[in-house]
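# Topology and contacts: notes
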Amino acid sequence: MNDLKLAWRNIWRHTRRSILTMMAIGFASLLLVFMLSFQFGSYESMIDASVKLSTGHLQVQAAGYNEKPEMRKVVPNPGVVMDILSRTPGIEAFTARSQTFVLASSEDRTRGIMVMGVNPETEKGVLSIATLIREGEYLSPRAPNTVIIGTLLARRLKIGVGRELTILGQSRNGSIAATVVTVGGIFKTGIDEVDRSTVQMLLSDFDALFAMDGAVHAIVATARELLQVGEVKKALQNDPGLKDLAVLDWVDLSPGLKQSIQLDLVSGIIMYLILIIVVAFSIMNTFLMAVFERTREFGVMMAIGTTPRRLVKVMLMESMFMTGMGLLFGMLAGAALTQYFAQVGIPMGGAADLMAQYGISGRIFPRLSWATLLIGPAMIGVVTFLTALVPALRIPGLKPADAMKAV
Amino acid sequence: MFTQLAWRNIWRNPRRTAIILTAIFIGVFSMIIFAAFSRGMADGMVDNAIDNLVGHIKVQHPDYRSDPDISHRLPDPNAITAELKSLLPTGAKITPRIRVEGVVANARETAGVEIVGIHPGMEMGVSFIGDAPMDGRLIEDGDKNGIVMGAALADRFQTEVGKKLVLTTQQADGETGSRAFRIRGIYRSEIEATEKAYVFISYTAAEQLMGEKNCATEIAVTLPKEYRNGRLAPLVQKCRDALEPYHVSVNGWKDLMPAISAYLAMFDAFLYIWFVVVFIAMGFGIVNTVLMAVYERMREFGLLKAIGMRPSWIVRMVLGESFFLLAAGCAAGTICGMAVTYYYGHAGIDLGAFAQGVKMWGMSRVIFPAIEIGDVVAANAVVVVLGLVVSIYPAVKAARFTPVETMRQN
């Protein structure tokens with residue numbers, strides 16, 4: 001009889017015990033597949049939200065602007081930068097932006113706000129404000145001297161669509177810049193900080209008002225794939241045309257985001273390791289018993305000429321069969337569960353408000369990938385193999401004569 | 001007698017017992033450590049948030065929260081403060097503040113900030129500014145032109161202690177007013193956003209800037225430790241009733257920070273789900289171990305039955321065995337878990353490597369794991385109760401063996 005068959009039959013000598021062991025392994029891998037997919041899904045929506053609402057994947061700015069944004073640190077020739085971006089493979093879209101701090105007054109209120117100059121045509125392809133208009137309309141080149149403002153700011157300035165807003169600031173050359181604009185639309189991102197303090201206007205208006213002379217503060221770009229960002233960044237940094245400028249990716253632009261993802265991932269991994277260790281101990285007894293209760297049988301087999309090597313091999317095959325079936329079951333069930341929730345999303349209930357502050361919507365969609373499907377089960381496979389190795393390696397130490405005497 | 005029998009039975013196979021005990025031990029140990037660590041993290045987050053000019057109870061104009069404008073100031077802050085003093089337990093700290101949005105500027109820079117007029121002496125132990133690490137010093141009561149700003153903001157303004165700043169804001173009468181201030185101190189906070197958000201001036205200076213006497217926009221209360229959680233709601237209600245005639249809103253910290261309270265509620269649910277998940281992982285092991293112990297003693301159970309032992313006694317004996325396993329594993333796990341937590345509860349765990357991420361979520365950089373008796377009880381209860389429930393299966397199996405069948409087996 002060949003070894004595989006022997007191992008297979010050995011498993012079914014204790015149907016109940018084997019099934020329980022497989023279920024333990026299956027349960028753990030199901031959970032890991034689902035949880036990892038859930039975590040990666042939520043990271044993706046965090047990055048996506050932050051990228052779409054504020055930073056983009058990549059930005060080209062004047063050196064030092066990111067650390068200390070100042071009016072005078074500009075990208076002097078945005079046209080040149082855009083030419084380079086348009087022939088860089090991997091870049092999906094890009095748009096130019098400027099921003100500065102000003103005082104905005106309505107009839108009876110005054111607030112300090114951030115005013116942004118954007119190009120509505122190209123902005124739509126990169127950032128998502130255009131889709132978040134709650135009232136009125138998005139900016140349009142046909143309607144100069146119009147702005148859109150955040151909901152909270154509108155409430156604080158006691159102002160609505162069609163009303164006038166006075167803007168007072170400092171232009172690029174240090175002189176006073178003042179104008180009156182009309183509110184054309186009100187947007188809501190869900191991020192209080194943005195909704196409370198942002199006004200957007202046409203880049204051409206911004207240019208004229210603040211004497212920018214064609215210069216801008218940043219070119220914001222998105223890459224086709226999140227994973228390509230690093231590559232594209234390197235290519236841009238090496239481009240001689242951009243050597244006086246800074247090329248930043250989303251990690252540079254919001255360092256807190258990457259670290260909070262790492263923090264969450266590390267605490268997740270610690271939890272999974274604990275779970276795997278508990279599972280390992282919980283199935284160790286099965287593997288151990290499989291050896292001890294069969295001491296006599298091993299003695300007989302050795303006495304009739306089976307090598308200890310072969311016995312160890314059969315034992316390991318047994319445990320690997322069980323592990324394999326458990327993992328397979330866990331992966332299938334985990335993938336099914338994940339795919340189901342990837343369709344309907346997982347409502348986050350009370351935490352939705354908190355997450356809205358970071359730009360994540362009320363539902364999280366887990367995302368199944370080869371990585372999330374395989375990492376968890378692979379870790380479990382390795383740990384169970386090690387667990388099975390301990391009892392199996394006792395077999396070569398057995399002496400046939402003594403073993404046969406064992407009960 | 002069952003007890004003794006069960007106890008002796010589990011030590012008939014010490015190796016098997018040791019392995020399953022280890023599984024239970026690791027499970028319970030990890031549950032307690034995990035609970036304590038995440039409680040510590042949540043506590044730190046709540047404390048930080050409360051410290052950030054929130055306090056445990058706050059009295060405001062009913063419209064101030066949706067529209068923080070000086071026109072929504074408190075009607076008669078002195079009378080309200082006096083009223084609060086008579087209502088609150090001794091040890092409670094009460095302080096009025098004037099908080100308005102405004103613009104701070106120097107020759108180089110301009111930024112939107114929140115201007116906070118405080119009684120510096122009364123902020124100690126109430127909000128972070130009372131004892132924040134600082135270059136220079138905190139303003140004093142009655143200081144008419146002193147200001148304290150955050151390090152991140154000072155850095156952006158490229159300014160330092162002794163230099164001038166101009167504050168502009170809307171006054172009580174609706175006109176825009178400006179005043180020059182001299183920087184007395186530059187504070188540091190655990191959260192960079194805080195350093196950028198607030199500048200502090202004295203209450204007197206704020207009154208002058210607003211052009212109005214007694215224009216507090218809020219009265220914040222910090223309570224002694226024992227009143228902060230369970231006993232908070234009745235206290236808030238008491239103040240609310242007493243302050244009814246003033247038409248002000250009185251809120252506890254849970255209402256002031258709905259997002260954080262929601263997070264805490266979800267956090268509890270998540271913790272208990274995690275307990276059950278870890279239990280399921282070891283549950284399979286418990287069933288298997290007890291099942292094995294039962295099957296290899298078939299003959300024995302047959303014999304016991306043959307000499308007149310009732311099936312229900314056998315069930316009790318087997319359950320007794322798993323109870324000992326569970327109790328011993330839980331006890332060891334709980335003791336070790338609490339010991340480790342106790343140690344780190346004093347030393348703290350430094351999350352410096354993730355400083356930016358930690359700041360983003362408003363947590364403290366150093367986490368002090370906190371044991372909550374409720375969590376320890378829940379972890380143990382989950383393991384013992386569910387452990388006994390799953391052991392019913394092998395126990396009933398054992399009770400069903402018939403003497404004749406089992407005696408025939410060898």
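Here the structure is a predicted model, which means the values were calculated and not measured.

## Re the overall build of chain A
- For chain A, the helix and strand inventory stands at 15 helices and twelve strands.
- In terms of overall dimensions, chain A is more spread out than a globule: its C-alpha atoms have a radius of gyration of 31 Å, far above the 22 Å expected for 407 residues.
- Overall, the C-alpha framework of chain A stretches about 100 × 50 × 30 Å when taken along its three principal axes.
- Burial statistics for chain A: of 407 residues in total, 46% are counted as buried.
- A separation threshold of at least 6 residues defines the contact pool for chain A, and within that pool the share at least 24 residues apart is 81%.

## Regarding the overall build of chain B
- If you tally the helices and strands in chain B, you get 14 helices and twelve strands.
- Computed over its C-alpha atoms, the radius of gyration of chain B comes to 31 Å, more than 25% above the 22 Å expected for a compact globule of 410 residues.
- Seen along its three principal axes, the alpha-carbon backbone of chain B occupies a region of about 100 × 50 × 30 Å.
- Across the 410 residues that make up chain B, the buried fraction comes to 45%.

## Describing unusual backbone geometry
- With a phi close to 60 degrees, D213(A) is a non-glycine residue in the positive phi region.
- Note on placement: D213(A) falls in the loop between α7 (203-209) and β9 (218-223).
- A residue is classified by how many C-beta atoms lie within 10 Å of it, and D213(A), with 10 of them, is exposed.
- Of note in the backbone geometry, L53(B) takes a positive phi value of approximately 65 degrees without being a glycine.
- As for its placement among the helices and strands, L53(B) is situated in the loop between α2 (14-51) and β1 (57-60).

## Some details on the environment of V102(A)
Residue and element names in this part refer to chain A.
- With respect to the helices and strands, the residue V102 is situated in strand β2 (residues 91-105).
- Placed 205 residues apart in sequence, V102 and T307 show a C-alpha to C-alpha distance of 85 Å.
- Dropping the residues within four chain positions of it, V102 is found in contact with I113, V115, I167, L168 and G169.

## Brief notes about helix α10 (residues 298-306) of chain B
Residue and element names in this part refer to chain B.
- Residues F301, L304 and K305 constitute the buried set of α10. Buried residues along α10 cover an arc of 100 degrees about the axis, so they all sit on one side.
- Tucked inside the fold, the buried residues of α10 contact α11 (311-347), α13 (373-400) and α14 (403-408).
- Looking at the residues trailing α10, positive phi occurs at G308, about 105 degrees.

## A look at the interface of chain B and chain A
- On the side of chain A, 47 residues touch chain B, which itself brings 45 residues to the contact.
- Those elements that provide at least two residues to the side of chain B that touches chain A are α2, β2 (93-105), β3 (110-118), α9 (258-295) and α12 (355-360) of chain B.
- It is α9(B) that contributes the most residues to the side of chain B that touches chain A, 18 residues altogether.
- A per-class count over the side of chain B that touches chain A returns 26 nonpolar, 13 polar and six charged.

## Looking at the domain arrangement of chain A
- You can read the domains of chain A as domain 1 (3-51 + 257-405) and domain 2 (64-243).
- Domain 1 of chain A and domain 2 of chain A are separated by 50 Å when their C-alpha centres are compared.

## Examining the packing of helix α2 (residues 15-55) of chain A against helix α14 (residues 370-392) of chain A
All names here are of chain A.
- Look at α2 against α14: their axes get within 8 Å of each other, and the N-to-C directions meet at 145 degrees. Crossing of α2 over α14 shows right-handed handedness. In this structure, α2 uses I25, A28, S29, L32, V33, L36, S37 and F40 to contact α14, whose residues at the interface are T372, L373, I375, G376, P377, I380 and T384.

## Digging into the packing of helix α1 (residues 2-10) of chain B against α11(B)
Residues and elements named next belong to chain B.
- Look at α1 against α11: their axes get within 8 Å of each other, and the N-to-C directions meet at 60 degrees. It follows from the interaxial angle that α1 and α11 lie oblique. Every pair of crossing elements has a handedness; the one defined by α1 and α11 is right-handed. In contact with F2, T3, L5, A6, W7, N9 and I10 of α1, α11 contributes R316, M317, G320, E321, F324 and L325.

## Thoughts on the domain arrangement of chain B
Residues and elements named next belong to chain B.
- When its domains are assigned, chain B resolves into domain 1 (2-49 + 260-408) and domain 2 (55-255).
- Taking only C-alpha atoms into account, the centre of domain 1 sits 49 Å from that of domain 2.
- Split by residue class, the side of domain 1 that touches domain 2 holds no nonpolar, four polar and two charged.

## Focus: the confidence of the model for chain B
- Per-chain confidence: chain B averages 87 in pLDDT, with 97% of residues scoring 70 or above.
- Quick note on the complex model: pTM equals 0.79, ipTM equals 0.75.

## Points about the pairing of strand β5 (residues 146-150) of chain A
All names here are of chain A.
- For β5, a buried count of five out of five residues is recorded, marking the element as mostly surrounded by other parts of the structure.
- By the bridge criterion, five bridges tie β5 to strand β7 (residues 176-187) in an arrangement that is parallel. In the strand pairing of β7, G150 is matched with F187.
- Of the strand pairs in this sheet, β5 and strand β8 (residues 198-202) are connected by three bridges, and their pairing is antiparallel. From the neighbouring strand, I149 faces β8, where its bridge partner is V199.

## Digging into the nonpolar core
- Counting 135 residues, the largest nonpolar core has V75(A), I219(A), I147(B), V199(B), F200(B) and I201(B) as its most contacted members.
- Looking at this core element by element, the count peaks at six residues for β2(A).
- If we ignore the near neighbours within four places in the chain, the residues touching I147(B) are L165(B), F181(B), R182(B), I183(B), R184(B), V199(B), F200(B) and I201(B).
- Counting 95 residues, the second-largest nonpolar core is a separate cluster that includes L31(A), L288(A), M31(B) and I33(B).

## Some points on the environment of K163(B)
Residues and elements named next belong to chain B.
- Its location among the elements puts K163 in the loop between α4 (151-157) and β6 (164-170).
- The class for K163 is partly exposed, based on 14 C-beta atoms found within 10 Å.
- For K163 and S322, which are 159 residues apart along the polypeptide, the C-alpha to C-alpha distance reads 73 Å.

## Here we look at α14(A)
All names here are of chain A.
- With 23 residues, α14 extends 32 Å from end C-alpha to end C-alpha; this agrees with the ideal 33 Å at 1.5 Å per step.
- Buried within α14 are the following residues: T372, L373, G376, P377, I380, T384, T387, A388 and A392.
- Looking at the buried positions of α14, the neighbouring elements they touch are α2, α10 (255-292) and α12 (308-344).

## What to know about the environment of N214(B)
- The topology assignment puts N214(B) in the loop between α6 (203-210) and β9 (218-222).
- In sequence terms N214(B) and K58(B) are 156 residues apart; their C-alpha atoms lie 17 Å from each other.

The rules behind these values
- Residues numbered from 1 in each chain as written.
- Chains lettered and ligands numbered in written order.
- Predicted model: local features only at pLDDT ≥ 70, side-chain atom pairs only at ≥ 80, totals over all residues.
- Helix = DSSP H or I, 4+ residues; strand = E, 2+ residues; numbered from the N terminus.
- Rg over C-alpha atoms; globule rule 2.2 N^0.38 Å.
- Buried ≥ 20, exposed ≤ 12 C-beta atoms within 10 Å, placed from the backbone.
- Contact = placed C-beta atoms within 7 Å.
- Arc of directions from axis to C-beta.
- Nonpolar A, V, L, I, M, F, W, Y, C, P; charged D, E, K, R; others polar.
- Domains from an automatic or database assignment.
- Axes fitted to C-alpha atoms, helices over the stretch in contact; angles between N-to-C directions.
- Left-handed = near helix turned anticlockwise from the far one by under 90°.
- Parallel < 35°, antiparallel > 145°, perpendicular 65-115°, else oblique.
- pLDDT = per-residue confidence, 0-100.
- Pairing = 2+ DSSP bridges.
- Core = buried A, V, L, I, M, F, W, Y, C linked by C-beta atoms within 7 Å.
- Expected span 1.5 Å × (residues − 1).

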